[in-house]
Amino acid sequence: RLSSGHRLIVQPRMTGSLVVYDRALTRDEAKYAVLTCTIDDGRLLVYRDVRRLGTLWLLDERGWGDYTRRIGPEPLEETFTPFVFAERLKGTRAAIKKAIMDQRRVAGVGNIYANEALFEAGIDPSKATNKLSLDEFARLHAAVTGVLERAVQSSGTTVRDYRTGTGEEGRFQFELKVYGRGGAPCVTCGKKLVTTHAIDLRATTFCSKCQR
Ligand SMILES: [Zn+2]
């Protein structure tokens, strides 16, 4: 929240990150700094984005209200129960991977974490959402919240340019079981993992034996 009362919303996508500096930026750092703000204690808050794929929004109270109304519940909040999850997803025939990445249904699940959660839950990413059983919704709920919690604990996933608030790389990339592993053996059964772009044009990697 800015001193003007506006809110700064950052959607970093794959390559953007917010970094705090207690010194002036080097020339190299300045090259990728898209936005620089001074925070109350005098340090610099920098939005850094090498490929400039992210989006920044500056919203007033009304804009913020409209924005939050369009977004689904946050999976790491206590109120996000398996029942809430199933309610948000019901009634669509879309592939389950597309449904869990739809920010209007559930907030914060991007491509990497969708791949990982579906593997952990043992669910075929292309399966129609309305064909999931209650048991599958419960498993997927546990997998989505589990993957996000572990990713946060590992300071995120650096596949290219993502950096933490203090400029380091995340560590969750070392724990990925399917994302980026197409052609490699499944960690559970040894079968070759398959990558497809047919579901949503993004890379989806899965095990056709473990995920049904
Ligand atoms: Zn497998």
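It should be noted that the structure appears before, not after, this text.
Rules used throughout
Residues numbered from 1 in each chain as written. Predicted model: local features only at pLDDT ≥ 70, side-chain atom pairs only at ≥ 80, totals over all residues. Heavy atoms only, no water. Helix = DSSP H or I, 4+ residues; strand = E, 2+ residues; numbered from the N terminus. Buried < 20%, exposed > 50% of the residue type's maximum accessible area, 1.4 Å probe, protein only. Contact = heavy atoms within 4.5 Å. Areas by Shrake-Rupley, 256 points an atom, 1.4 Å probe, with all protein chains shown as cover. Donors = N, O, S within 2.8 Å, 3.2 Å for Na, K, Ca; no water. Tetrahedral: all angles 85-135°; square planar, octahedral: opposite > 155°, others 65-115°. Phe/Tyr/Trp six-rings, centres within 6.5 Å; stacked < 30°, edge-to-face > 60°. Salt bridge = Lys/Arg side-chain N within 4 Å of Asp/Glu carboxyl O. Pairing = 2+ DSSP bridges. Axes fitted to C-alpha atoms, helices over the stretch in contact; angles between N-to-C directions.

Engineer: Now, about the overall build of the chain: what can you tell me, with residues and values included?
Structural biologist: When helices and strands are counted, the chain shows six helices and seven strands. Listed by position from the N terminus, the elements making up the chain come as β-β-α-β-β-β-α-α-α-α-α-β-β. By its C-alpha atoms, the chain is 55 × 40 × 30 Å across when sized along the principal axes. Out of the 212 residues in the chain, the part that is buried amounts to 39%. In the chain, the proportion of contacts linking residues at least 24 apart, taken out of those at least 6 apart, comes to 58%. Split by element, the accessible area of the chain, about 12,000 Å² in all, is 52% carbon and sulfur.

Engineer: Explain the coordination of the zinc ion to me, and be specific about the residues and the numbers.
Structural biologist: Six octahedral donors around a metal ideally subtend angles of 90 or 180 degrees, whereas four tetrahedral donors ideally subtend 109.5 degrees. Bound to the zinc ion on the protein side are C186 (SG), C189 (SG), C207 (SG) and C210 (SG), at distances that span 2.3 to 2.4 Å. One can describe the site at the zinc ion as tetrahedral: its four donor atoms subtend angles covering 102 to 112° at the metal. All donors to the zinc ion come from one chain, and their sequence spacing reads C-x2-C-x17-C-x2-C. The exposure class of C189 is partly exposed, given its relative accessible area of 30%.

Engineer: An account of the packing of aromatic side chains is requested, with residue identities and associated values reported.
Structural biologist: Applying the stated criterion across every chain yields a total of five aromatic pairs. Relative to F137, the ring of F85 has its centre 6.4 Å away and its plane inclined at 85°; by these criteria the two rings are edge-to-face. Taken together, the positions of F85 in helix α3 (residues 82–89) and F137 in helix α6 (residues 134–153) put the pair 52 residues apart, joining distant regions of the chain. Feature note: the residues W57, W64 and Y67 constitute an aromatic cluster, connected by ring pairs.

Engineer: Quick rundown of the pattern of salt bridges? Include the residues and the values.
Structural biologist: Applying the stated rule across the entire model yields 13 salt bridges. Between R104 and D102 there is a salt bridge, with the nearest N and O atoms lying 3.1 Å from each other. Residue D102 is classed as buried on the basis of its relative accessible area of 17%. Via salt bridges that share partners, R1, R7 and E61 belong to a single interconnected network.

Engineer: An account of the sheet that holds strand β3 (residues 33–38) is needed here, citing residue identities and associated values.
Structural biologist: Strands belonging to one sheet form pairs held by backbone hydrogen bonds; the direction of such a pair is parallel or antiparallel. Ordered in space as β2-β4-β3, the three strands form an open sheet in which the pairing is antiparallel. Because the sheet does not close on itself, it has two edges, and the strands there are β2 (16–21) and β3. Averaged over neighbouring strand pairs, the angle between their axes works out to 20° when direction is ignored. Relative to strand β4 (residues 44–49), β2 runs antiparallel, the two being bridged by six bridges.

Engineer: Help me get a handle on the pairing of β4, residues and values and all.
Structural biologist: Two elements, β3 and β4, share five bridges in a ladder whose sense is antiparallel. Considered in β4, the bridge of A33 is made with R48. The antiparallel pairing of β3 with β4 creates a hairpin that spans five residues between the two strands, and G42 there sits at a positive phi of about 95°.

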